[in-house]
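Structure assessment
This is what each chain is made of:
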Amino acid sequence: MTNQEKYDQAFIEIFGITTDILTDDFAYQAIPEWDSVGHMGLIAELEDLFDIMMETEDIIEFGSYGEGKKILEKYSVEI
């Protein structure tokens, strides 16, 4: 499974969505499931998938699907 597939799958599993909603503009609170609890679930899933530990600032700034890809680059995860 590629990093892109892992990244997409995390969103799909945590939020119960389909891939067609995954655009760079898909953002925090765009759906009811992406609330603060859902956000932390997503972060935990991504940390497990990519074997990383995000800094608090990055967790806060992770506000969209597109922004998340940029943040993961800081941890040497190429999406």
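Coordinates for the structure precede this section.
One structure accompanies this document, and this report is about it. (Residues numbered from 1 in each chain as written. Predicted model: local features only at pLDDT ≥ 70, side-chain atom pairs only at ≥ 80, totals over all residues. Heavy atoms only, no water.)

Considering the nonpolar core
Grouped together as the largest cluster of nonpolar side chains are 22 residues, with contacts concentrated most on F11, F26, M54 and F62. Apart from residues no more than four positions distant in its own chain, F11 is found in contact with G16, I17, L22, F26, W34, L42, F62 and Y65. (Core = buried A, V, L, I, M, F, W, Y, C linked by side-chain atoms within 4.5 Å. Buried < 20%, exposed > 50% of the residue type's maximum accessible area, 1.4 Å probe, protein only. Contact = heavy atoms within 4.5 Å.)

With respect to the environment of I14
Mapped onto the secondary structure, I14 falls in helix α1 (residues 3-15). Spatially, the C-alpha atoms of I14 and E45 are 8.1 Å apart, while their sequence positions differ by 31 residues. What I14 contacts, discounting residues up to four positions off in sequence, is G38, G41, L42 and E45. (Helix = DSSP H or I, 4+ residues; strand = E, 2+ residues; numbered from the N terminus.)

A word on α1
The α-helix advances 3.6 residues per turn, and as a result positions three or four apart in sequence lie on the same side. The end-to-end C-alpha separation of α1 is 18 Å, in line with the 18 Å expected for 13 residues at 1.5 Å each. Residues Y7, D8, A10, F11 and F15 constitute the buried set of α1. Each buried residue of α1 lies within a common arc of 150° when the element is viewed along its axis, so the set occupies one face. Trailing α1 by a residue or two, G16 shows a phi angle of about 65°, which is positive. (Expected span 1.5 Å × (residues − 1). Arc of directions from axis to C-beta.)

With respect to the packing of α1 against helix α4 (residues 65-73)
At a minimum axis separation of 12 Å, α1 and α4 run at an interaxial angle of 135°. With respect to their mutual orientation, α1 and α4 come out oblique. Considering only the axes of α1 and α4, their crossing is right-handed. Facing α1, whose interface residues are Q4, Y7, D8 and F11, α4 presents Y65, G68, K69 and L72. Residue composition of the contact of α1 with α4, by class: 4 nonpolar, 2 polar and 2 charged. (Axes fitted to C-alpha atoms, helices over the stretch in contact; angles between N-to-C directions. Parallel < 35°, antiparallel > 145°, perpendicular 65-115°, else oblique. Left-handed = near helix turned anticlockwise from the far one by under 90°. Nonpolar A, V, L, I, M, F, W, Y, C, P; charged D, E, K, R; others polar.)

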